[in-house]
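Okay, here's what each chain looks like letter by letter:
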Amino acid sequence: MTASRRFTPPLSSLTAFEAVARHGSVTDAARELDLTQSAVSRQIQKLENQVGGPLFERDRKRLHLTAQGETYAHEIRVALRQIQNATIALQTNPDGGVLNLASLPSFGTHWLAPRLPDFLRSHPGITLNMSTRFLPVDFSKENVHAAIQHGQGAWPHVEAVKLWDEQMLAVAAPELLQSADVTSLPRLQLETRPQAWGDWFTAQGLPEPGRPAMVVDQFGTMLRAAQAGLGVALMPDYLVAQNIDGESLVAVPGAAPVSIGAYYLVWPENAGDYPALAAFRDWLRVACADRL
């Protein structure tokens, strides 16, 4: 323990450093921390002495992080956020912990939420808070323990476990498919999957039409638009399988599904042993084994 203290700066120094790094100003950091400017400056000097080099480049008006300082600031910001989360969890739920989870809107609404009662019955001491995100989470800036994201699994500063490959099905209202072949029909496209139709047409051995697709921002909107006959939609199988009833929605005949990415549970580096997250991760793996 004695040796490790050489590499563990005081929390007051780290808090001051993070605030100055964020503001680029000792004055603004001092105001936020309710300290004097000289007190903040001393903390920065103490930290630089301990790490053995400058963390900021100084000009007359602002402070700019060095390359080493930029890397250090990111790591410290994540660590301070973890301390904050641990304190909130202990205060609000000393018996089980709090799990703040971010999820893609459609995944959270249509797949995860109906299954969460099983998780909470198995872990009654855990308080789960869920929010939605369209884009990948920056764990250094948000009060989130984990997130469910779509992509190729290549996000910086996170660890991840793959849940499943997304399988996209082309579906439409029956009356729309009776009027023409799929290459001449209007299409519906999700804003965050701009390459989906190109990949789908390639998988079918068909040329992609030049006509642009109608863009929507959520799968729920796309589903209703497809049922209303506004166009052919590419929908994840887990969302649309129960809606393919032959009356309001049918699959494009003979079309193969296409995968353009996968769903992942992600969390900050070195934070995977947080008990509430570990419990949720283990439960989710089992739940995903029978996902449809």
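Anyway, here's the lowdown on the structure attached to this text. (Residues numbered from 1 in each chain as written. Predicted model: local features only at pLDDT ≥ 70, side-chain atom pairs only at ≥ 80, totals over all residues. Heavy atoms only, no water.)

## Some thoughts on the overall build of the chain
Part 1: In terms of helices and strands, the chain carries eleven helices and twelve strands.
Part 2: Relative to its length of 292 residues, the chain is extended, with a C-alpha radius of gyration of 25 Å against a globular reference of 19 Å.
Part 3: C-alpha atoms of the chain, sized along the principal axes, occupy 75 × 50 × 30 Å.
Part 4: Out of the 292 residues in the chain, the part that is buried amounts to 47%. (Helix = DSSP H or I, 4+ residues; strand = E, 2+ residues; numbered from the N terminus. Rg over C-alpha atoms; globule rule 2.2 N^0.38 Å. Buried < 20%, exposed > 50% of the residue type's maximum accessible area, 1.4 Å probe, protein only.)

## Comments concerning helix H3 (residues 37–51)
Side chains of residues three or four places apart in an α-helix project in the same direction, reflecting 3.6 residues per turn.
Part 1: The first and last C-alpha atoms of H3 sit 21 Å apart over 15 residues, in line with the 21 Å expected at 1.5 Å per residue.
Part 2: For H3, the complete set of buried residues consists of Ala 39, Val 40, Gln 43, Ile 44, Leu 47 and Glu 48. (Expected span 1.5 Å × (residues − 1).)

## Re the sheet that holds strand E5 (residues 146–151)
Part 1: Read from one edge of the open sheet, five strands run E4-E3-E5-E12-E6, paired in mixed fashion. Looking along the sheet, the strands with just one partner apiece sit at the ends: strand E4 (127–132) and strand E6 (158–165). Averaged over neighbouring strand pairs, the angle between their axes works out to 25° when direction is ignored.
Part 2: For E6 and strand E12 (residues 262–268), the ladder comprises seven bridges, and the chain directions are antiparallel. From the neighbouring strand, Lys 162 faces E12, where its bridge partner is Tyr 264. (Pairing = 2+ DSSP bridges. Axes fitted to C-alpha atoms, helices over the stretch in contact; angles between N-to-C directions.)

## Points about the pattern of salt bridges
Part 1: In total, this model carries nine salt bridges according to the counting rule given.
Part 2: Between Glu 166 and Arg 193 there is a salt bridge, with its nearest N and O atoms 3.0 Å apart. Pair noted here: Glu 166 is in the loop between E6 and strand E7 (168–172) and Arg 193 is in the loop between strand E8 (187–190) and helix H8 (196–204), with a separation of 27 residues, a long-range link. Here the two residues Glu 166 and Arg 193 agree in accessibility, since each one is buried.
Part 3: Residues Arg 285 and Asp 282 are paired through a salt bridge, measuring 3.6 Å at the closest nitrogen-oxygen approach. Within this pair, Arg 285 and its partner Asp 282 are both found in helix H11 (residues 275–288), separated by three residues, close to a single helical turn. (Salt bridge = Lys/Arg side-chain N within 4 Å of Asp/Glu carboxyl O.)

## Looking at the nonpolar core
Part 1: In terms of nonpolar packing, the biggest core is built from 59 residues, with Phe 107, Leu 112, Leu 265, Phe 280 and Leu 284 touching the most fellow members.
Part 2: Per element, the largest residue contribution to this core is eight residues, and it comes from H11.
Part 3: Not counting residues within four places of it along the chain, the set of residues in contact with Phe 280 comprises Leu 99, Leu 101, Leu 112, Leu 116, Phe 119 and Leu 265. (Core = buried A, V, L, I, M, F, W, Y, C linked by side-chain atoms within 4.5 Å. Contact = heavy atoms within 4.5 Å.)

## Quick word on the pairing of E12
Part 1: Burial analysis of E12 places seven of its seven residues in the buried class, which makes it a mostly covered element.
Part 2: Bridge analysis of E5 against E12 gives five bridges, and the strand direction is antiparallel. Directly across from Gln 149, in E12, lies its bridge partner Tyr 264.

## A few points about the sheet that holds strand E11 (residues 250–251)
Part 1: As summarised here, the arrangement of the five strands in space is E9-E8-E10-E7-E11, forming an open sheet in which the pairing is mixed. The two strands at the open ends of the sheet, each matched to only one other strand, are strand E9 (214–216) and E11.
Part 2: Direction of pairing for E8 relative to E9: parallel, over a ladder of three bridges. Residue pairing in the sheet places Leu 188 in a bridge with Met 214 of E9.
Part 3: Its contacts with the sheet put H8 on E7, E8 and strand E10 (232–236), and the angle it makes with E10 is roughly 95°.
Part 4: Across the sheet, helix H9 (residues 219–227) touches E7, E8, E9 and E10, and the angle it forms with E10 is around 140°.

## A few points about helix H1 (residues 11–23)
Part 1: Compared with an ideal rise of 1.5 Å per residue, which puts 13 residues at 18 Å, H1 spans 18 Å between its outermost C-alpha atoms and is within 8% of the ideal.
Part 2: Directly beyond the C-terminal end of H1, a positive phi value near 70° is found at Gly 24.

## A closer look at the environment of Ser 38
Part 1: With respect to the helices and strands, Ser 38 occurs in helix H3.
Part 2: Sequence separation between Ser 38 and Thr 27 is eleven residues; the distance between their C-alpha atoms is 9.3 Å.
Part 3: For Ser 38, the side chain forms a polar contact with the side chain of Thr 36, separated by 3.2 Å. (Polar contact = N/O pair within 3.5 Å; in protein donor to acceptor, adjacent residues only side chain to side chain.)

Take it as geometry only, folks, not as evidence of what the structure does.
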